[in-house]
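Single-letter residue listing:
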Amino acid sequence: MKIGSYEFSRPLVLAPMAGVTDMPFRSLCNSMGADYVVSEMIAAKTELWKSKKTQTRLSLGSFKPRIVQLVGGNEVLMAEGAARACDSGADIVDINMGCPAKKVCRKAAGSALLSDPALVIKILRAVVKASKSPVTLKMRTGPNQTNKNGVSIAKIAESEGISAIAIHGRTRNCRYDVPAEYETIAAIKDSIGIPVLVNGDIRCGSSAFKALSETNADGLMIGRAAQGNPWIFSSIRAALDGERWNEPTPIERLEVLHSLLESIYQLYGKEQGSRVARKHIIWFLSYLPIKSEINKATMNKIKTSHDQLNFVQFRKREFENKG
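These numbers were taken from a predicted model, which means no experiment stands behind them.

Draft legend 1. Highlighting helix α8 (residues 205-215). Taken together, the buried positions of α8 are G205, S207, A208, A211, L212 and T215. Considered in projection along α8, the buried side chains sweep an arc of 165 degrees and stay on one side of the axis. In this structure, α8 carries S206 and S213 as exposed residues pointing more than 90 degrees from its buried face. For α8, the elements touching its buried residues are α7 (183-191), β10 (196-199), β11 (219-222) and α9 (232-241). Once α8 finishes, N216 follows within two positions and takes phi at roughly 60 degrees, a positive value.

Draft legend 2. Up close: the packing of helix α3 (residues 75-87) against helix α5 (residues 117-130). Between α3 and α5, the least distance of the axes is 8 Å, while the angle of their chain directions is 25 degrees. Here α5 runs roughly parallel to α3, going by the angle between their axes. For α3 against α5, the interelement crossing comes out right-handed. Residues E75, M78, A79, A82 and A83 of α3 form the contact with α5, whose participating residues are L119, K122, I123, A126, V127 and A130.

Draft legend 3. Inspection of the side chain of T136 at higher detail. Position of T136 relative to the elements: it lies in strand β8 (residues 135-140). A distance of 2.6 Å separates the side chain of T136 from the side chain of D94, its partner in a polar contact.

What counts and how
Residues numbered from 1 in each chain as written. Predicted model: local features only at pLDDT ≥ 70, side-chain atom pairs only at ≥ 80, totals over all residues. Heavy atoms only, no water. Buried < 20%, exposed > 50% of the residue type's maximum accessible area, 1.4 Å probe, protein only. Helix = DSSP H or I, 4+ residues; strand = E, 2+ residues; numbered from the N terminus. Arc of directions from axis to C-beta. Contact = heavy atoms within 4.5 Å. Axes fitted to C-alpha atoms, helices over the stretch in contact; angles between N-to-C directions. Parallel < 35°, antiparallel > 145°, perpendicular 65-115°, else oblique. Left-handed = near helix turned anticlockwise from the far one by under 90°. Polar contact = N/O pair within 3.5 Å; in protein donor to acceptor, adjacent residues only side chain to side chain.

Here is the structure:
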């Protein structure tokens, strides 16, 4: 599949996730086999871009392509955001019509846009016109179970010049509470000529095979299953290619976690970085063979970056001593 000048063969893509896919985590997943990665969603209102939060989200790294995802419900603001993203170095601009979070949908943005096809047309048209880079779309299958309008939205997207679409196999109202379904994604793939990525419930090689076979999609987008497990990209790639893959050892997992934490502290500073790091520590440790009594309450007691690094090093020595 091609997006502008970028060409991929059955790509494995890191999905944009607010509060997760910052530059350190994107860089890690890219190094672990993700063919491309997408930024956290950034509000299209460019007057907010001077804030430390948005500046951090606009840290694009050196890996290519650099993809900025925009969220908003106004075509003028979305167009201004797309132009500014390109000026900031975005190789691809992605439009968020998939986020089901209430605070996003209350502003008639994210997956709430699927209920308003007329506004969808305005936003897609304005963003494509304003962007110097290719524009992609992240969406869901529709607003709710009785209105899965994904096919019609996808046709609109293709007609307005969108280069590729990633589809989460749930409706807005489903959030993450029901299993993903691929029938609608298969219908979308059959109805348009631009590349389609399937997203939702892809956790391993067998689920990747299932998603691809049931949708005929051009690639896979992986979200929550990458949290604490950036090795998922290399493991799925090996499964799809029929190659052997070796599970990382606990020591290897802890070494990668240690490196990720250092990158987080470097980006955010030690105080804010230690707060950002807590969830990553919990996620990574959940993959260790000996489960620890680690939860949010426990991590809140390990407050400083120094203590967090020492904690990870202590766990590493435990496994080294066990041989």
